[in-house]
Amino acid sequence: MQGTFVLQDNRFRWLTHVSIDPSVESMDATDNDSATLGDSAAQTTSMLLYFPCGIIRGALTNLGISCSVTADMSNLPACELHYSFS
């Protein structure tokens, strides 16, 4: 089996309640810091997706399927998991 498969969840429950409190990130945040806060939100969200990616990769590996699993979170709270088989 080879190729890339995509699993899409338009309301990924683990991401529906994610919020970043700007006061925690920077006590003196200004309007110019919005890009920094956006990067921090993306980093936090990507860390939340490591666990489901690891579960899926582990399950497929235990079935003898060599693969890589990545997540795309460009449309929160929607999430796409990409499976690449070799």
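Reading guide: rules and limits
Residues numbered from 1 in each chain as written. Predicted model: local features only at pLDDT ≥ 70, side-chain atom pairs only at ≥ 80, totals over all residues. Heavy atoms only, no water. pLDDT = per-residue confidence, 0-100. Helix = DSSP H or I, 4+ residues; strand = E, 2+ residues; numbered from the N terminus. Contact = heavy atoms within 4.5 Å. Buried < 20%, exposed > 50% of the residue type's maximum accessible area, 1.4 Å probe, protein only. Pairing = 2+ DSSP bridges. Axes fitted to C-alpha atoms, helices over the stretch in contact; angles between N-to-C directions. Core = buried A, V, L, I, M, F, W, Y, C linked by side-chain atoms within 4.5 Å.

This part takes up the confidence of the model for the chain. Per-chain confidence: the chain averages 75 in pLDDT, with 70% of residues scoring 70 or above. Here helix α1 (residues 22-25) stands out as the least confident element of the chain, with mean pLDDT 50; strand β2 (residues 67-72) is the most confident, with 88. Per-residue pLDDT stays below 50 along residues 24-29; that stretch engages in 4 contacts with residues further than four places along the chain or on separate chains.

Turning to its location among the elements, S68 is positioned in strand β2. Residue S68 is classed as partly exposed on the basis of its relative accessible area, which comes to 36%. Remark: the alpha-carbon pair of S68 and H82, spanning 14 residues in sequence, is separated by 8.0 Å. Residues contacting S68, with those up to four places away along its chain left out, are H82, Y83 and S84.

Spatial strand order, β1-β3-β2: 3 strands in an open sheet with antiparallel pairing. One side of each edge strand has no neighbouring strand; the edge strands of this open sheet are β1 (3-9) and β2. Here the strands of the sheet are splayed against their neighbours by 20° on average, with no regard to which way each runs. Taken together, the 7 bridges between β1 and strand β3 (residues 79-85) define a ladder with antiparallel strand orientation. From the neighbouring strand, D9 faces β3, where its bridge partner is C79.

What follows deals with the nonpolar core. In this structure, F12, L15, L49, C53, L60, C67, V69, C79, L81, Y83 and F85 together form the largest nonpolar core, which totals 11 residues. Secondary structure elements with two or more residues in this core: α2 (34-62), β2 and β3. Looking at this core, the element that brings in the most residues is β3, giving 4 residues.

On to the pairing of β3. Residue alternation in β3 divides its side chains into a buried set, C79, L81, Y83 and F85, and an unburied set, E80, H82 and S84. Where β2 meets β3, 6 bridges bridge the pair, whose relative direction is antiparallel. Residue S68 lies in a different strand from β3, and its bridge partner there is S84. Here β2 folds back onto β3, and the loop between the two strands holds 6 residues.

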